[in-house]
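Chains, contacts and geometry: an overview
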Amino acid sequence: MTDMIRKLRENRDLSDEELREIISSARFDDELISSADMIRREIYSDEVYLRGLIEFTNYCRRNCFYCGLRAENKAVNRYRLSKEEILSCCEEGYRLSYRTFVLQGGEDPYYTDDRMTEIIKSIKERFPDCALTLSIGEKSRESYQRFFDAGADRYLLRHETAKDEHYRRLHPESMSSQARKECLFALKEIGYQVGSGFMVGSPFQTTEDLIADLRFLQELHPDMIGIGPFISHHQTPFRDFSSGTAALTVRMIALLRHLFPYALIPSTTALGTIDPMGREKGLKAGANVVMPNLSPVSVRKQYEIYDDKICTGEESAQCKGCLERRINIAGYRIVTSRGDAKTAEK
Ligand code: 5AD
Ligand code: SF4
Ligand code: FES
């Protein structure tokens, strides 16, 4: 083992200079990845947790430059799911043994706090043994508190990029990394299990930006960390930028497993989109969560945040079966518990 990887395993941290070396070359990849897999197996064995993803609205008031669902993209066919439709997705998911549901959507003003609270309560009432995760963007602390009181357990909000200068190049002026970070700390204080994360290979991103992302996560200390490659979308201002790579994404997953041994790290759909074996590679580099799509097949194609997103065709009605096979072949095993994060004390 090289001194670098030995040090990373022992300290579970490195200097910026050392991180720079690992991030900017493929030289450490083999060792880094097998070491990450050892760490994940020590803590999580060969278990992979399932999250049923319900993309319940593709309306969004925001205009992130990278995202296909941005408000200014008039070519999107917009949809919203009713409470009943959401509940029947959960019903189907429960039958397939999902015990976590993720409600993900754009920032859609139609879902007022009252409507959201109503949906959350209905899901928790019907499926009390399931965890409910929200991923609906930036809200006031009061709204976050109301959703928590209604029964939401977890919240996903990627910080996208930690450095302010970079954040401003990816978003319109109405958005700021400071506002994003304030939301994340508020969510933590309220008591949510919090997930954050960033895109890999987004336009203008440098190695220094990635180091800043790791440092910010060390400050936040989230329970979940989701990362995926930036993938260019043809109807956005970033249409001409090249996408991120699977190799760098996998390297960052392996690094994250060292810095955050207990974190829940999904192997994302974006990684599976950029590389047909991407999700398997992510799992082998330390990821321990997958989020199969539970949205109605009729709307899946309309939730196109980036080009060529997988799992949107008729054949993908049951992503769970497809993923289960892939996971087994990769050498892991799906478990059907709620899949809360483990901690050093337990
Ligand atoms: N490529 C990859 N990921 C994207 N996201 C949004 N647009 C893209 C894109 N073009 C990610 C963001 C967001 C998550 C839901 O999807 O990180 O937080
Ligand atoms: Fe809206 Fe999220 Fe897309 Fe930004 S990334 S435009 S907030 S759906
Ligand atoms: Fe969705 Fe394979 S995981 S179709």
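These remarks concern the structure in this document. (Residues numbered from 1 in each chain as written. Chains lettered and ligands numbered in written order. Predicted model: local features only at pLDDT ≥ 70, side-chain atom pairs only at ≥ 80, totals over all residues. Heavy atoms only, no water.)

Quick look at the overall build of the protein chain
Tallying secondary structure elements over the protein chain gives 14 helices and nine strands in all. When burial is assessed residue by residue, the protein chain has 60% of its 346 residues classed as buried. For the protein chain, long-range pairs separated by at least 24 residues make up 75% of all intrachain contacts whose partners lie at least 6 apart in sequence. Here the protein chain displays about 14100 Å² of accessible surface, and carbon together with sulfur accounts for 49% of that area. Side chains of the protein chain give 50 positive and 53 negative charges; the mean places of these two sets differ by 3 Å. (Helix = DSSP H or I, 4+ residues; strand = E, 2+ residues; numbered from the N terminus. Buried < 20%, exposed > 50% of the residue type's maximum accessible area, 1.4 Å probe, protein only. Contact = heavy atoms within 4.5 Å. Areas by Shrake-Rupley, 256 points an atom, 1.4 Å probe, with all protein chains shown as cover. Lys, Arg positive; Asp, Glu negative; His and termini not counted. Charge placed at Lys NZ, Arg CZ, Asp CG, Glu CD.)

As for helix H6 (residues 141-150)
Taken as a whole, H6 has its buried residues at Ser143, Tyr144, Phe147 and Ala150. Across the axial projection of H6, the buried residues extend over an arc of 125°, all falling on one side. Projecting away from the buried face of H6 at angles above 90 degrees are the exposed residues Glu142 and Asp149. Turning to H6, the residues buried within the fold contact helix H5 (113-126), strand S4 (131-135), strand S5 (154-156) and helix H8 (177-190). Positive phi shows up at Gly151, right after H6, with a value of about 125°. (Arc of directions from axis to C-beta.)

A closer look at the pairing of strand S7 (residues 224-229)
Burial analysis of S7 places six of its six residues in the buried class, the great majority of the element. Across the two faces of S7 the burial is the same, with Met224, Gly226 and Gly228 and Ile225, Ile227 and Pro229 all buried. In this fold, the crossover linking strand S6 (residues 193-200) to S7 by way of helix H9 (residues 207-220) has right-handed handedness. (Right-handed = clockwise from strand over helix to strand, strands pointing away.)

Digging into the packing of aromatic side chains
In this structure the tally under the stated criterion is 14 aromatic pairs. Both rings, one in Phe56 and one in Tyr111, keep their centres 4.8 Å apart while their planes meet at 80°; by these two values the pair is edge-to-face. Here Phe56 is found in strand S2 (residues 52-57), whereas its partner Tyr111 is found in the loop between strand S3 (100-105) and H5, with 55 residues between them in sequence. Both residues of the pair, Phe56 and Tyr111, belong to the buried class. (Phe/Tyr/Trp six-rings, centres within 6.5 Å; stacked < 30°, edge-to-face > 60°.)

Focus: the site of ligand 1
If you check the shell around ligand 1, you find Tyr66, Cys67, Arg158, Glu160, Met199, Pro229, Phe230, Ile231, Ile305 and Tyr306 and nothing else. In the environment of ligand 1, an oxygen atom lies 2.9 Å from a nitrogen or oxygen atom belonging to the side chain of Arg158. Glu160 places a polar side-chain atom, nitrogen or oxygen, 2.5 Å from an oxygen atom of ligand 1. When isolated, ligand 1 has an accessible area of 410 Å², and the protein chains bury 86% of it. Class assignment for the residues of the shell around ligand 1 results in eight nonpolar, no polar and two charged. (Near = heavy atom within 4 Å. Polar contact = N/O pair within 3.5 Å; in protein donor to acceptor, adjacent residues only side chain to side chain. Nonpolar A, V, L, I, M, F, W, Y, C, P; charged D, E, K, R; others polar.)

Some points on the sheet that holds S6
Strand pairing in a sheet takes place through backbone hydrogen bonds and is either antiparallel or parallel in direction. Taken in spatial order, the six strands make up an open sheet running S2-S3-S4-S5-S6-S7, and their pairing is parallel. Each edge of the open sheet carries a strand with a single partner, namely S2 and S7. Taken pair by pair, the neighbouring strands of this sheet meet at an average axis angle of 20°, ignoring direction. Where S5 lies against S6, three bridges are found, and the strand directions are parallel. Each bridged residue has a counterpart across the sheet, and for Arg154 the counterpart in S6 is Gln193. (Pairing = 2+ DSSP bridges. Axes fitted to C-alpha atoms, helices over the stretch in contact; angles between N-to-C directions.)

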